[in-house]
Amino acid sequence: MLKVYNVYLVALSATVGGMLFGFDISSVSAFVDNAQYLNYFNHPDSTRQGGITAAMSGGSFMGSLASGAISDRLGRKYAIQIGAIIWMVGAAVQCSSQNVAQLVCGRIISGVAIGICSSQVPVYLAELAPKRIRGRLVGLFQWAVTWGIMIMFYISYGCSFINGPAAFRTAWGLQMVPGLVLFSTLMLFPESPRWLATHDRWDECLNIIRHVQGDGSESDTPEIQLEISEIREAVRIEKLSKDVSLLDLFAKGSRLRTLAGVSGQIWQQMCGMNVMMYYVVYTFAMAGYQGNANLVASSIQYVINVVMTIPALLFIDRWGRRPLLIYGGVIMATFLFLVGGIMAAHGHYVPEVNGNENIRWIVPNSQAAKAVIAFNYLFVATFSPTWGPGIWIYVSEIFPLKQRAVANGFCASFNWIFNFALAFFVPPAFRNIQWKTFIIFGVMCIAMVINVYFLFPETMGKSLEEIDLIWSEHIPAWKSKNVDLSAYAANRNLLKEDEKDTKVHEHHENTDANSTTAPTISEQDANHEKHSP
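Here goes a summary of the coordinates provided.

Calculation notes
- Numbers given for residues are sequential positions, taken from 1 along each chain in its written order.
- The predicted nature of this model means local features are confined to residues of pLDDT at least 70 and side-chain atom pairs, given and counted, to a pLDDT of 80 or more, with totals for whole chains, interfaces and linings taken over all residues.
- As a rule here, side-chain values come from all non-hydrogen atoms in the structure, and water together with hydrogens is ignored.
- Only protein atoms enter the 1 Å grid used here, on which a cavity is any set of points holding a 1.4 Å probe that cannot leave and a pocket is any open set flanked by protein within 12 Å on both sides along at least five of seven lines; residues with an atom within 4 Å of a point are listed as lining.
- Grid points are joined across faces, edges and corners, and a volume is the space filled by probe spheres set on the points.
- Residue polarity follows a fixed list, in which Ala, Val, Leu, Ile, Met, Phe, Trp, Tyr, Cys and Pro are nonpolar, Asp, Glu, Lys and Arg are charged, and the others, Gly among them, are polar.
- The way it works is that DSSP assigns letters per residue, a run of H or I at least four long becomes a helix, a run of E at least two long becomes a strand, and they are numbered from the N terminus.
- The pairing test for Phe, Tyr and Trp rings, Trp by its six-membered ring, is centres within 6.5 Å, and the orientation test on the planes gives stacked under 30 degrees, edge-to-face over 60, and tilted for anything in between.
- Per-residue accessibility, obtained with a 1.4 Å probe over protein chains only, is compared with the maximum for each type, and a residue is labelled buried under 20%, exposed over 50%, and partly exposed between these values.
- For a Lys NZ or an Arg CZ to count as sitting over a ring, it must be within 6 Å of the ring centre and within 35 degrees of the ring normal.
- By convention in these notes, a salt bridge is any Lys or Arg side-chain nitrogen within 4 Å of a carboxyl oxygen on Asp or Glu.
- Two residues form a contact once any of their heavy atoms are found within 4.5 Å.
- Two distance rules govern patches: like charges are joined within 9 Å, and nonpolar side chains (Val, Leu, Ile, Met, Phe, Trp, Tyr) within 5 Å, applied only to residues with over 30% relative accessible area and no salt bridge.
- Accessibility throughout is a Shrake-Rupley quantity obtained with a 1.4 Å probe, and a residue counts as covered only by protein chains that appear here.
- Throughout, an axis means a line fitted to C-alpha atoms (over the contacting stretch in the case of helices), and angles, computed between N-to-C directions, take values from 0 to 180 degrees.
- Throughout this description, any angle smaller than 35 degrees is read as roughly parallel, any larger than 145 degrees as roughly antiparallel, any in the 65 to 115 degree range as roughly perpendicular, and the remainder as oblique.
- Helix crossings get a hand from a simple test, with the near helix turned counterclockwise from the far one by less than a right angle marking a left-handed crossing and a clockwise turn marking a right-handed one.
- Any pair of N or O atoms that falls within 3.5 Å is considered a polar contact. Within protein, one atom must be able to donate a hydrogen and the other to accept it, and sequence-neighbouring residues count only if both atoms are side-chain atoms.

**Observations regarding empty space enclosed by the protein**
Now for step 1: Under the counting rule described, the total for this entry stands at five cavities of 30 Å³ or more.
Now for step 2: The calculated volume of the largest cavity comes to roughly 130 Å³.
Now for step 3: As for the largest cavity, its lining consists of 13 residues, of which Phe-21, Gln-142, Met-273, Asn-274 and Phe-383 are closest to the centre.
Now for step 4: Taken together, the residues of the lining of the largest cavity break down into eight nonpolar, five polar and no charged.
Now for step 5: Its volume calculated, the second largest cavity comes out at about 40 Å³.
Now for step 6: The wall of the second largest cavity is formed by Ser-27, Val-28, Tyr-37, Gln-49, Ile-52, Gln-94, Leu-103, Arg-107 and Trp-172.
Now for step 7: Within the residue set of the lining of the second largest cavity, elements represented by two or more residues are α2 (16-29), α4 (46-74) and α6 (100-128).
Now for step 8: Of the residues contributing to the lining of the second largest cavity, the split by class is five nonpolar, three polar and one charged.

Here it is, written out as structure tokens:
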């Protein structure tokens, strides 16, 4: 069967898994204030709407936890394809929804698919990509999310002009298309070479590495030789260890990187981005926009999201991970404080906005309202090249081979469980504390910057095996960028040689202790005569 080894084409196909996530986000946000949707589902209150929105995150939580076992057993590629099948089933259930219960069930099923794909697509790309462009390729996952958000929002906007339930049914049914594309195109691409190596399929592993990083010939470049030797060493270490469970992620030597991965995924939710995405129409309604004007103004930030992710794809392997996360957090906090401050100073309480009781704050001053919108756009423009792709890239890099699939699924599950919690929290928050919601997320951004500075070492330009060395040698995060890892690697090799020499010495001692007495002289003569010509 035809196999395509171009890593950019592989990434283009695999990151359709990110597009599924984006489709789900805007398939809700475009309809939360839509008349056809509200009438058909009997105007869900803040708690029920929060439950509808959160259903996907709940399913994603379960999918993320299960994804590691599926991926380690069947392979990265097949795990993603299973996610694509589940997604199509979920989309079919949603588009045929007769009531809120069926809609929630459909979103849970789709969520399981997103949980699998969102945790295993970054692993697949990180294990396949050359280290010099690994950040760019894994970053394509987040870019696909932004494309999915924008495409689905405009599809939903167009469908909103259809009369009756067909408005949202058409939009939700079209979600099956990217699932079919993802499943079909992955057939053309290779499996992760590192997964193949762990299953002793070395011929396939070497062939894929030679095609991805070279011209496919057996005359290996120094880079390919180094990559293969590092994979062999990682697999050797893995063979010495038992099967990985979730408890192993908290064993000595793994706790800090697990803490970094989990906290990174939590912070991506707690920075406030999903408030801007899921409930963007609420924010713009507070600024005085309604109807189609609200949807069009809201859609601009989805375009910004797509465009501003491009700088990260181009430069993240030059800028580094830490600067993106630290400076991005500081700037996002600034914009959140500004939005909250302007709303507090120039807005006031109202019982409802445009008949929606979930919105109880409005900014009547047109200049202040425009400032709120502008800072919303700037917040999205900051998130898109920093915490958007940055954290998915980072978490896919920091775990050793034996833990990578399980650990990525575990860390991603925290992203989804906090997504689930926030989907419930935000509608009541807008209803009860209004502008203070933005201040809360601003404080969270400051906290995450402090966390990144002290706990997240730099991974740019390092192989996955070199990154493992940073953690095992306890190199401080703030010193990790320019550290010379060759000395640590040499020391590890010396220790390995010492262990080998010790084992050989012990073997000789055991042999001597168990040996019989030396042969007698007559026996030696007999042996000599026996072997003489």
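Okay, back to it.
**Quick word on the packing of aromatic side chains**
Given two aromatic rings, their pairing is described by the distance between the two centres and the angle made by the two planes.
Now for step 1: Scanning the entire structure with this criterion turns up 25 aromatic pairs.
Now for step 2: With a centroid separation of 5.7 Å and an interplanar angle of 90 degrees, the aromatic rings of Phe-250 and Phe-410 are classed as edge-to-face. Of this pair, Phe-250 sits in the loop between α12 (222-240) and α13 (255-270) while Phe-410 is found in helix α20 (residues 404-432), placing the two residues 160 residues apart along the sequence.
Now for step 3: Exposure remark for Phe-250: the relative accessible area of 43% places this residue in the partly exposed category.
Now for step 4: The structure contains a cluster of three or more aromatic residues connected by ring pairs, namely Tyr-37, Tyr-40, Phe-41, Phe-168 and Trp-172.
Now for step 5: For Arg-232, the ring lying beneath its charged end belongs to Trp-202, and the centroid distance is 4.5 Å.
Now for step 6: Note that Arg-322 overlies the ring of Tyr-453, its terminal NZ or CZ placed 5.3 Å from the centroid.

**Focus: unusual backbone geometry**
Now for step 1: Located in the positive-phi region is Asp-200, a residue other than glycine, with phi close to 60 degrees.
Now for step 2: Checked against the element boundaries, Asp-200 lands in the loop between α10 (193-198) and α11 (202-213).
Now for step 3: Unlike most non-glycine residues, His-474 shows phi in positive territory, near 55 degrees.

**Notes on the pattern of salt bridges**
Now for step 1: According to the stated counting rule, one finds nine salt bridges in the structure shown.
Now for step 2: Note that Glu-227 and Arg-194 form a salt bridge whose closest N and O atoms lie 2.9 Å from each other. Of this pair, Glu-227 sits in helix α12 while Arg-194 sits in helix α10; the two residues are 33 residues apart in sequence, bridging distant segments of the chain. Across the pair, Arg-194 and Glu-227 agree in class, each one buried.

**A look at helix α8 (residues 166-173)**
Now for step 1: Burial runs high along α8: six of the eight residues are buried.
Now for step 2: Along α8, the residues classified as buried are Ala-167, Phe-168, Arg-169, Ala-171, Trp-172 and Gly-173.
Now for step 3: At its buried positions, α8 is contacted by α2, α3 (35-40), α5 (76-95), α6, α7 (134-159) and α9 (176-185).

**Here we look at a nonpolar patch on the surface**
Now for step 1: There is a patch of nonpolar side chains on the surface, built from Phe-337, Val-443, Ile-446, Ile-450, Tyr-453, Phe-454 and Trp-478 and spanning about 670 Å² of accessible area.
Now for step 2: A total of five residues in the nonpolar patch trace back to one element, the largest contributor, which is helix α21 (residues 436-455).
Now for step 3: Here Ile-450 is to be found in helix α21.

**Regarding the environment of Asn-163**
Now for step 1: Along the chain, Asn-163 falls in the loop between α7 and α8.
Now for step 2: The exposure class of Asn-163 is exposed, given its relative accessible area of 70%.
Now for step 3: Distance from Asn-163 to Ala-35, taken between C-alpha atoms, is 9.8 Å for residues 128 residues apart in sequence.

**Some details on the packing of α5 against α6**
The geometry of a pair of packed helices is captured by two quantities: the angle between their axes and the separation between those axes.
Now for step 1: Look at α5 against α6: their axes get within 8 Å of each other, and the N-to-C directions meet at 160 degrees. Our classification of the angle between α5 and α6 gives roughly antiparallel. Every pair of crossing elements has a handedness; the one defined by α5 and α6 is left-handed.
Now for step 2: Each residue belonging to the contact of α5 with α6 can be placed in one class, and the counts come to 18 nonpolar, seven polar and four charged.

**Re the environment of Ala-66**
Now for step 1: If you trace the backbone, Ala-66 turns up in helix α4.
Now for step 2: Taking C-alpha positions, Ala-66 is 8.5 Å from Val-406, a pair spaced 340 residues apart along the chain.

**Here we look at the side chain of Ser-67**
Now for step 1: As for its position among the elements, Ser-67 is in helix α4.
Now for step 2: Here Ser-67 falls in the buried class, since its relative accessible area comes to 0%.
Now for step 3: Within polar-contact distance, the side chain of Ser-67 engages the side chain of Ser-119 at 2.8 Å.
Now for step 4: With residues up to four places along the chain from it excluded, the contact list for Ser-67 reads Gly-115, Ile-116, Ser-119, Gln-120 and Gly-409.

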